[in-house]
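# Structural overview for review
Residues per chain are reported as follows:
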Amino acid sequence: MCFGCIFSEKQEVSDKAMNKYDGTEKMVLERHVSDALIQAALEARTMAYAPYSHYTVGAALLTAEGVIYQGGNIENASYGATNCAERTAIFKAVSEGCRQFRAIAITGGMDGEAPLDYAYPCGICRQVMGEFAGRDFIVIVAKNTADFQEYCLEELLPYGFGGESIK
């Protein structure tokens, strides 16, 4: 589901803070923006299809234009055909012409239960994020709006393989 534009283009959606990974500055989201993304990710969990693991994941992707795309994990009896929530959200946005992204929020836990732990993106999802987002792309892993961690993609994928690697 695309929420539509929830932030005006004039609204500042990020600021700078110190990067925990290497001590440099990194972009961080304003609190009302991270809260909206986390809420959208929690809602996206309810749309997940996880009849085998019963572990539902929701993701909410913020585009540069302020549009939020949601995605849930989609399992398949042939586990290799399963798609993660993060990739679902990214592929939805890309398939609709979006190519610039600011942040993603991810929540996960057992179906019907509040998240007990942070749901970090898998390696494939990190690689897909690297394909479509810059190194300062913000990744939020959350249990709820009061309990979350915020990283830049560089922290989660320090030696990513991208298009520049094959030119």
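For the structure itself, consult the block above.
Residues numbered from 1 in each chain as written. Predicted model: local features only at pLDDT ≥ 70, side-chain atom pairs only at ≥ 80, totals over all residues. Heavy atoms only, no water.

The next subject is the overall build of the protein chain. Counting its regular elements, the protein chain contains four helices and eight strands. Listing every helix and strand of the protein chain by position from the N terminus yields β-β-β-α-β-β-α-β-α-β-β-α. By the burial criterion, 44% of the 167 residues in the protein chain qualify as buried. (Helix = DSSP H or I, 4+ residues; strand = E, 2+ residues; numbered from the N terminus. Buried < 20%, exposed > 50% of the residue type's maximum accessible area, 1.4 Å probe, protein only.)

Another point: the side chain of T107. Looking at the secondary structure, you find T107 in strand 6 (residues 101–110). A polar side-chain atom of T107 sits 3.3 Å from the main-chain carbonyl oxygen of A41. Excluding residues that lie within four positions of it along the chain, T107 makes contacts with I38, A41, L42, R45, T56, V57, G58, P115, A119 and A142. (Polar contact = N/O pair within 3.5 Å; in protein donor to acceptor, adjacent residues only side chain to side chain. Contact = heavy atoms within 4.5 Å.)

If you look at soluble globular proteins, the nonpolar side chains tend to sit buried side by side. Counting 26 residues, the largest nonpolar core has L61, F101, I104, I106, M129, F137 and V139 as the members making the most contacts within it. Of all the secondary-structure elements, those providing two or more residues to this core are strand 4 (55–63), strand 5 (67–72), helix 2 (85–95), strand 6, helix 3 (123–132), strand 7 (138–144) and helix 4 (153–156). Ranked by residues supplied to this core, first place goes to helix 2 with five residues. Those residues in contact with L61 that lie beyond four places of it in its chain are L37, V67, I68, Y69, A89, I90, A93, F101, A103, I104 and F137. One finds A40, A105, I138 and A142 within the second-largest nonpolar core, a separate group that totals 14 residues. (Core = buried A, V, L, I, M, F, W, Y, C linked by side-chain atoms within 4.5 Å.)

Right, let's get into the pairing of strand 8 (residues 147–152). Where strand 7 lies against strand 8, six bridges are found, and the strand directions are antiparallel. Bridge assignment links V139 to a residue of strand 8, and that residue is Y151. Where strand 7 hands over to strand 8, the hairpin turn is made up of two residues, counted between the paired strands. (Pairing = 2+ DSSP bridges.)

Here we take up a nonpolar patch on the surface. Among the surface-exposed residues, Y49, Y52, I74 and Y79 lie close enough to one another that they form a single nonpolar patch of about 440 Å² accessible area. Turning to its location among the elements, Y79 is positioned in the loop between strand 5 and helix 2. (Patch = residues over 30% accessible without salt bridge, like charges linked within 9 Å, V, L, I, M, F, W, Y side chains within 5 Å. Areas by Shrake-Rupley, 256 points an atom, 1.4 Å probe, with all protein chains shown as cover. Salt bridge = Lys/Arg side-chain N within 4 Å of Asp/Glu carboxyl O.)

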